[in-house]
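Observations on the model geometry
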Amino acid sequence: MNNPADANPPAGGGNQQAGAELAAAVSVKLPDFWKNDPNMWFAQAEAQFHLARITQDETKFWHIVARIDQSVICHISDLVNSPPMINKYQAVKDRLIARFALSPQARIEQLLGSSDLGDLRPSHLLARMQEIATGLNVNDSIMKTLFLQRIPSHARVILSISDGSLTKLAEMADRMLDSSTSNVASCGSAPDSSPLDYSTLKGEIEALTAEIRRMKTRPTRSRSRSSSRPFKESKRFAGTIANMVVVLSTAEPPAASITKKTRLSPS
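Residues numbered from 1 in each chain as written. Predicted model: local features only at pLDDT ≥ 70, side-chain atom pairs only at ≥ 80, totals over all residues. Heavy atoms only, no water.

Considering the overall build of the protein
To keep it simple, the criterion reads: Here a strand is any run of E in DSSP of at least two residues, a helix any run of H or I of at least four, and the numbering for each starts at the N terminus. Whether two residues touch is decided by their heavy atoms; if any such pair falls within 4.5 Å, the residues are in contact.
Scanning the protein from N- to C-terminus turns up 15 helices and 0 strands. Contacts spanning at least 24 positions in sequence make up 58% of the contacts within the protein whose residues lie at least 6 apart.

Some details on the side chain of Arg 107
For clarity, the threshold we go by: In this scheme, a residue with accessible area under 20% of its type's maximum is buried, one over 50% is exposed, and one in between is partly exposed, where area comes from a 1.4 Å probe on protein chains only. Positive residues here are Lys and Arg, negative ones are Asp and Glu, while His and the chain termini are left out of the count. A pairing counts as a salt bridge when a side-chain nitrogen of Lys or Arg comes within 4 Å of a carboxyl oxygen of Asp or Glu.
Residue placement: Arg 107 occurs in helix H8 (residues 104-114). Put simply, Arg 107 is tucked away with no salt bridge, and the nearest opposite charge, on Asp 37, sits 8.7 Å away. Once residues lying within four places of it in the same chain are set aside, the contact partners of Arg 107 are Leu 102, Glu 131, Ile 132, Ala 133, Thr 134 and Leu 136.

A word on the nonpolar core
Here is the rule: Only buried residues count toward a nonpolar core, which is a set of Ala, Val, Leu, Ile, Met, Phe, Trp, Tyr and Cys residues joined through side-chain atoms within 4.5 Å.
In terms of nonpolar packing, the biggest core is built from 21 residues, with Phe 33, Trp 41, Phe 42, Phe 49, Ile 64, Val 92 and Leu 96 touching the most fellow members. Among the elements of the structure, helix H3 (38-51), helix H4 (57-67) and helix H7 (88-100) are those that each provide at least two residues to this core. Broken down by element, the residue count for this core peaks at 5 residues, all from H7. If near-sequence neighbours (up to four positions away) are discounted, Trp 41 is found in contact with Leu 30, Pro 31, Asp 32, Phe 33, Trp 34, Ile 64, Arg 67 and Ile 68.

Regarding the packing of aromatic side chains
Operational definition: Note on aromatic pairs: the rings of Phe, Tyr and Trp (six-membered ring only in Trp) are paired at centre separations within 6.5 Å, and the planes decide the class, stacked below 30 degrees, edge-to-face beyond 60, tilted for the rest.
The tally for this structure, following the rule as stated, stands at 7 aromatic pairs. Judged by centre distance (5.0 Å) and plane angle (70 degrees), the rings of Phe 33 and Trp 41 are edge-to-face. A residue is classified by how much of its surface remains accessible, and Trp 41, at 0% relative accessible area, is buried. Considering the side-chain rings of Phe 33 and Phe 100, the 5.4 Å spacing of their centres and the 70 degrees angle between planes classify their relative orientation as edge-to-face. Pair noted here: Phe 33 is in the loop between helix H2 (13-27) and H3 and Phe 100 is in helix H7, with a separation of 67 residues, a long-range link. This pair shows no difference in class: Phe 33 is buried, exactly as Phe 100 is.

Section: the pattern of salt bridges
Tallied over the full model, the rule gives 6 salt bridges. The residue Arg 128 makes a salt bridge to Glu 131 at a minimum N-O spacing of 3.5 Å. With Arg 128 and Glu 131 both in helix H9 (residues 122-132) and 3 residues apart, the pair spans about one turn of that helix. Sharing partners across several salt bridges, the network here consists of Arg 121, Asp 174 and Asp 178.

What about unusual backbone geometry?
In this structure, Asn 87 is a non-glycine residue whose phi angle is positive, near 55 degrees. Exposure remark for Asn 87: the relative accessible area of 48% places this residue in the partly exposed category. At Asn 137, a position not held by glycine, the phi torsion is positive, near 60 degrees. With respect to the helices and strands, Asn 137 occurs in the loop between H9 and helix H10 (140-148). Overall, the relative accessible area of 77% leaves Asn 137 in the exposed class.

See the structure below:
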């Protein structure tokens, strides 16, 4: 004998299911339409539909229509005014991708000429280049060449002889450029953290210059030794003085700047 409770579902069951579907539809928050990458925009939309368990074609269709702005909806105005009986969502998707996605020729030109490093990290640049090259059958050898062309020359020399994968190559480039950037930053901040004492530095240059003169005029006991040791020491001091002069010439002097240059006697 059948149980009457099995034959008659609870009165509120249909309302609960409808409420769950409505809540799922409300939870979908699509981003603004990406005119420069419609394929990835629809991939984002479909991910949200999947998470919200939205499977109805018409629900997907109206979600898309509700999210795009006036500059985009004009491309599907006929579909909005007279939606097709079936495959509404697919019709909108195909139309917008056809209107906004770059053609293979345009993507090749972009890959060859306009994908510059700029403010991107090398790994981010590579990801962008690989996205542009999707479906273009660009092998890793060509991609490596195109990638290295956009890397600064001081890093390119080392990266060009690396045999690792493109991903490892980009990670190595990240580390190299991060290191060079931090070195430049530390050099640039040095004058602020420890201001130069110009008067002291000038005095040290004058003292070293006097020492070189004294070494050249100092009498020697052995002719064989006198021809090498004073010369080596004078060269060492001259190098130190040259470094100090470079510091003075590249740093910004205070208001009372040093105007007199120290002249070195020829060695």
